[in-house]
Amino acid sequence: MGSHLCDALLGEGHSVVAADNLLTGRLDNIAHLKNDRRFEFVQQDVCFPLDCGRFDFVFHFASPASPVDYAEHGIETLRVGSLGTFNVLETAKQSGAVFLLASTSECYGDPLEHPQRETYWGHVNPIGPRSVYDEAKRFAEAATMAYRRYHKVDTRIVRIFNTYGSRMQVNDGRVIPNFMRQALRGEDLTVYGDGTQTRSFCYVSDEVDGIVRLSRSQEALPVNIGNPNEFTILECARQVLEITGSKSKICYEPLPKDDPKQRQPDITKARTLLGWEPKIELVAGLQLSLEYFQQEVARLAAVTPGRD
Ligand SMILES: NC(=O)c1ccc[n+]([C@@H]2O[C@H](COP(=O)([O-])OP(=O)(O)OC[C@H]3O[C@@H](n4cnc5c(N)ncnc54)[C@H](O)[C@@H]3O)[C@@H](O)[C@H]2O)c1
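Rules used throughout
- Residues numbered from 1 in each chain as written.
- Predicted model: local features only at pLDDT ≥ 70, side-chain atom pairs only at ≥ 80, totals over all residues.
- Heavy atoms only, no water.
- Helix = DSSP H or I, 4+ residues; strand = E, 2+ residues; numbered from the N terminus.
- Phe/Tyr/Trp six-rings, centres within 6.5 Å; stacked < 30°, edge-to-face > 60°.
- Buried < 20%, exposed > 50% of the residue type's maximum accessible area, 1.4 Å probe, protein only.
- Expected span 1.5 Å × (residues − 1).
- Contact = heavy atoms within 4.5 Å.
- Core = buried A, V, L, I, M, F, W, Y, C linked by side-chain atoms within 4.5 Å.

## Some thoughts on the environment of Glu242
Assignment of secondary structure puts Glu242 in helix 7 (residues 233-244). Along the backbone, Glu242 and Val283 are 41 residues apart, and their C-alpha atoms lie at a distance of 9.5 Å.

Right, here's the structure in full:
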C-alpha cells in the first residue's frame, strides 16, 4: 500500500521520502519512481532512529501485514509496532509534522459488534498466534495517542480493513492474492472453514484516497477506512473463478485459530467527516487487478521452474 500512497502524494506534487527495510516489501513496487527527482528511497529499519530529513506529514505504514508474514516474523512485528512506532513518532515530533498511523481492523479481533464502529474496543486474544500483530497495532494506537497527549504531536489513526490490488505478494496468505494465484495456476481454491465467514474488501485506490483525506482532516481519533460491502469467503472464491475464467475447484480446510468470523466496517465517520466512500466494488477491483496477478504468477513460474 505504501507504494500506492507514494504515487498519490507525488501525483499531487509533493516530495516523498520512503523508508523501508524490505522485510516483506519489494523494490519492484517503486521501480517506476526511480527517475522522479521528488522521490527518495532509504533502506532502513524504522526500529532504529530515523534521520532522513524534515517533513510536513509522516505516514507510519511499516509492519509485516499479512497473516503469513506476521506468523513468520512475529518478533519483528511486535518490534516495529512498538519501537518502530516510537521512532517514527519522534521523527514527526522533531519535524512538527502530522503523523498518521496505519492501524487495522485486527484491533477489533473476532468482533462481538457488527459492523464495527470506531467506538468498539474489540475482542482480541492477547496470547494467541495472531496477537503479535493485533497487540502490536493496539500498542501503536496507544503510543500514538500518548504522543498526542504528552508531546502535542498532531496525530491521525486509520483502521484499515482488508485492502487488495496490484503489487501485493501472491504468496502472502491474504484471501484475494491466494485465490487469484490458485485460480490462475488451475489449482483448487482453498477455503478455510465452511466459507460462510465474511470479509469486506477495499480496492487500493479507494483506501489510499480515504487515508490521504484523513491526513488532511483534523480528526485525532481512529477512523475506519474500508469497503462495507460484505461477502462470504465462498462468494469471493466464486467471483475470482468467474473473473479469471478458471476451471479450478474449491477445497475446504480447517479454520485457523482465532480467525474472525465477520468483518465489516461501519464507515459513517469516514462518510461524514471526510466525505469519503469507496467507489470500486469487488468485481471491478478484481478485474482491475487481474493483469497484475497474471504477470506475477508468470514471473514466479519463470523464477521457480517446475513450479507450474
Ligand atoms: N493491506 C491490508 O489489507 C491492511 C489492512 C490493515 C492494515 N494494514 C497496514 O497497512 C500497512 C501496509 O500494509 P501492506 O498491506 O502494504 O503490507 P506490505 O507488507 O506490502 O507493506 C509493509 C511494508 O513494511 C515494511 N516493513 C516491515 N517492517 C519494517 C521495519 N521494521 N522497518 C521498515 N520497514 C518495514 C515491509 O518491508 C513492507 O514493505 C501495514 O502497517 C499494515 O499493517 C494493511
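Next, the rest of the story.
## A short note on the packing of aromatic side chains
By the definition in use, this model includes 9 aromatic pairs. A ring pair is formed by Tyr164 and Phe201, whose centres lie 6.5 Å apart and whose planes are at 85°; its orientation type is edge-to-face. Placement of Tyr164 in strand 6 (residues 163-164) and of Phe201 in the loop between strand 8 (198-200) and strand 9 (202-203) is noted, with a sequence separation of 37 residues between them. For Phe201, a relative accessible area of 4% gives the class buried.

## Looking at helix 7
With 12 residues, helix 7 ought to run about 16 Å at 1.5 Å a step, and its terminal C-alpha atoms sit 17 Å apart, in line with that. Of all the positions in helix 7, only Ile233, Leu234, Cys236, Ala237, Gln239, Val240, Leu241, Ile243 and Thr244 are classed as buried. On its buried face, helix 7 sits against helix 5 (175-185), strand 7 (189-192), strand 8, strand 11 (230-232), strand 12 (250-253) and helix 9 (282-303). One or two residues past the end of helix 7 sits Gly245, with phi positive at roughly 70°.

## Here we look at the environment of Cys52
Locating Cys52 in the fold gives a position in the loop between strand 2 (39-43) and strand 3 (57-60). Sequence-wise, Cys52 and Met168 are 116 residues apart; in three dimensions their C-alpha atoms are separated by 26 Å.

## A look at the nonpolar core
Judged by nonpolar contacts, the single largest core of 52 residues is most densely connected at Phe39, Tyr164, Ile176, Phe179 and Leu286. Tallying contributions element by element places helix 7 first for this core, with 7 residues. Excluding anything up to four places from it in sequence, Leu286 contacts Tyr164, Ile176, Met180, Gln239, Val240 and Ile243. If you look at the next biggest cluster of nonpolar residues, it comprises 18 residues, including Val88, Ala92, Ala143 and Val153.

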